Amino acid sequence: FECEYIDTLPFAQNLLTELKKHEDFAFLKEVDSIALQQSLRDLDRSFVNFFQKRAAHPCFKSKHNRHQSYRTINQGGNIRIIGRYLKLPKLGLVKVRQSMEVGKINNVTIKKEHNHYYAVFNIETEKQTMKKTGEAVGIDLGIRTLATLSNGLKITNLDTTHEDKMIKKYYRVLSRKKYNSNRYNKILKTLGKWIQRKNNRIKDAYHKLSHYIVKNYDIICMETLDIKEIFQNTDLSSRLQSIAWKKLVDMIKYKCEWYGKKFIQISKWFPSSKICSQCGYYYKDLGDKKEWTCPHCQTHHDRDINAAKKHTQRRFKDS
């Protein structure tokens, strides 16, 4: 049994116009008309992806969902920043704290997360460039140390012990409250603040680290991570969620594309930790040792630094 998608977007847009004339749907006139049309386009795209087997069947947005958002298009300058205010259709001037300068605004998504409102812009801007350094680096990601560079630099994991402790505390308190009661919602709001604080600290640290790496190296080599396979280890899953490897890799990857740097990922099956970066000897009995000495050339290796060096050497074979 196969279904064929029929384009119903024009019909839905005409129906929306008629619904606005009906007194039972007068509330549709109170919101941004462009945002309503955009929601229909998003729904149409969702059904196209579903029928082409790229996504699951679209579901209704629930008002009880903690993550609420809508998107509207900039037409004729109806969305613009005026001093410390953001002008939005229907809403008018809204006071904002701007994190960066923006160029030409194509559209904006207004979202609510943990009782905070954010405006996410899609903008047109000039492509930035960075000076070429001629340097290459291999990076080995780990649990004990977040990242080890082939030049010997080790970046420690961000300490979120306090945030994790407070999140567990308020989850425990929340479990003893009646669902959707005043006290439940109050604790939920406090819990959201701690989750947001932890996420913001991780994002800030990873943005600074990825910018440093991309700025100082033209070629960046890193192993390919199988996140799903790694998370099957239940003993490490909670620790891995705090580390958020994929977030760091994605940041390095897209920043390399922005600034014209080369990003190379090595096969996950390549035994970089077990191969001597000096003579190429394969040390199969490495196990969980943090340091080892090559029996062939007597070079003493730090496990992570040696792996990072092998990532850099491997790029010549893969390229």
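Please refer to the structure higher up on the page.
Residues numbered from 1 in each chain as written. Predicted model: local features only at pLDDT ≥ 70, side-chain atom pairs only at ≥ 80, totals over all residues. Heavy atoms only, no water.

A.B. asks: Talk me through the overall build of the protein; I want residue IDs and the actual numbers.
C.D. replies: Counting its regular elements, the protein contains eight helices and 13 strands. Within the protein, the proportion of its 319 residues that are buried is 34%. The contacts in the protein between residues at least 6 apart in sequence include a share of 59% that link residues at least 24 apart. (Helix = DSSP H or I, 4+ residues; strand = E, 2+ residues; numbered from the N terminus. Buried < 20%, exposed > 50% of the residue type's maximum accessible area, 1.4 Å probe, protein only. Contact = heavy atoms within 4.5 Å.)

A.B. asks: Hey, could you go over the side chain of Asp218 for me, with residue numbers and the actual values?
C.D. replies: Relative to the elements of secondary structure, Asp218 occurs in the loop between helix 4 (182-216) and strand 10 (219-223). What makes Asp218 buried here is its relative accessible area of 12%. At 2.9 Å, the side chain of Asp218 forms a polar contact with the backbone nitrogen of Thr133. (Polar contact = N/O pair within 3.5 Å; in protein donor to acceptor, adjacent residues only side chain to side chain.)

A.B. asks: Would you mind going over the sheet that holds strand 1 (residues 68-73) in detail, with residue names and values included?
C.D. replies: Overall, antiparallel pairing links the three strands, which are arranged 1-5-6 in an open sheet. Because the sheet does not close on itself, it has two edges, and the strands there are strand 1 and strand 6 (116-124). In this sheet, adjacent strand axes meet at a mean angle of 15 degrees when their direction is disregarded. Of the strand pairs in this sheet, strand 1 and strand 5 (residues 104-113) are connected by six bridges, and their pairing is antiparallel. Bridged to Tyr70 within strand 5 is Ile110. (Pairing = 2+ DSSP bridges. Axes fitted to C-alpha atoms, helices over the stretch in contact; angles between N-to-C directions.)

A.B. asks: So, the packing of helix 3 (residues 161-175) against helix 4: which residues are in play, and what are the values?
C.D. replies: Relative orientation of the contacting elements helix 3 and helix 4 amounts to 160 degrees, with a least axis distance of 9 Å. Classified by the interaxial angle, the pair formed by helix 3 and helix 4 is roughly antiparallel. For the pair helix 3 and helix 4, the sense of crossing is left-handed. For the pair helix 3 and helix 4, the contacting residues are His162, Glu163, Asp164, Met166, Ile167, Tyr170, Tyr171, Val173 and Leu174 in the first and Tyr184, Ile187, Leu188, Thr190, Leu191, Trp194, Ile195, Arg197, Lys198 and Arg201 in the second. When grouped by side-chain class, the residues that make up the contact of helix 3 with helix 4 number twelve nonpolar, two polar and five charged. (Parallel < 35°, antiparallel > 145°, perpendicular 65-115°, else oblique. Left-handed = near helix turned anticlockwise from the far one by under 90°. Nonpolar A, V, L, I, M, F, W, Y, C, P; charged D, E, K, R; others polar.)

A.B. asks: Account for helix 3, with residues named and values stated.
C.D. replies: Taking 1.5 Å per residue as the helical rise, helix 3 with its 15 residues ought to reach 21 Å, and the 21 Å between its terminal C-alpha atoms agrees with that figure. Inspection of helix 3 places Glu163, Met166, Ile167, Tyr170, Val173 and Leu174 among the buried residues, and these make up the whole buried set. Viewed along the axis of helix 3, the buried residues span an arc of 130 degrees, placing them on a single side of the element. Exposed and facing more than 90 degrees away from the buried side of helix 3 are Thr161, Lys165, Lys168 and Ser175. For helix 3, the elements touching its buried residues are helix 4. (Expected span 1.5 Å × (residues − 1). Arc of directions from axis to C-beta.)

A.B. asks: I'd love a proper account of helix 7 (residues 245-259), names of residues and values included.
C.D. replies: Compared with an ideal rise of 1.5 Å per residue, which puts 15 residues at 21 Å, helix 7 spans 21 Å between its outermost C-alpha atoms and is within 8% of the ideal. Turning to helix 7, its buried residues number three or more, namely Trp245, Leu248, Val249, Met251, Ile252, Lys255, Cys256 and Tyr259. Taken around the axis of helix 7, the buried residues stretch over an arc of 160 degrees, which confines them to a single face. Directly after helix 7, the chain includes Gly260, whose backbone phi takes a positive value near 70 degrees.

A.B. asks: Could you give me a rundown of the nonpolar core, with the residues and numbers involved?
C.D. replies: Counting 26 residues, the largest nonpolar core has Ile139, Leu141, Leu146, Tyr206, Ile220 and Ile252 as its most contacted members. Grouped together as the second largest cluster of nonpolar side chains are ten residues, Leu174, Tyr184, Ile187 and Leu191 included. (Core = buried A, V, L, I, M, F, W, Y, C linked by side-chain atoms within 4.5 Å.)

A.B. asks: Requested: an account of the packing of helix 4 against helix 7, with residues and values cited.
C.D. replies: At a closest axis distance of 9 Å, the pairing of helix 4 and helix 7 adopts a crossing angle of 40 degrees. Judged by the inter-axis angle, helix 4 sits oblique to helix 7. Both helix 4 and helix 7 take part in a crossing whose hand is right-handed. Together, Ile202, Lys203, Tyr206, His207, Leu209, Ser210, His211, Ile213 and Val214 of helix 4 and Lys247, Leu248, Met251, Ile252, Tyr254, Lys255, Cys256 and Tyr259 of helix 7 make up the contact between the two elements. Here the residues of the contact of helix 4 with helix 7 are counted per class, giving eleven nonpolar, three polar and three charged.

A.B. asks: Give a description of the pattern of salt bridges that names residues and reports values.
C.D. replies: The final tally for this structure, using the stated rule, is ten salt bridges. Two residues, Lys111 and Glu113, come together in a salt bridge whose shortest N-O distance is 3.4 Å. In this structure Lys111 comes out as partly exposed when scored by relative accessible area, which is 27%. Classification of Glu113 as partly exposed rests on a relative accessible area of 26%. The residue Asp204 makes a salt bridge to Lys208 at a minimum N-O spacing of 3.2 Å. You can see Asp204 and its partner Lys208 sitting in helix 4, four residues apart, about one turn around the helix. (Salt bridge = Lys/Arg side-chain N within 4 Å of Asp/Glu carboxyl O.)

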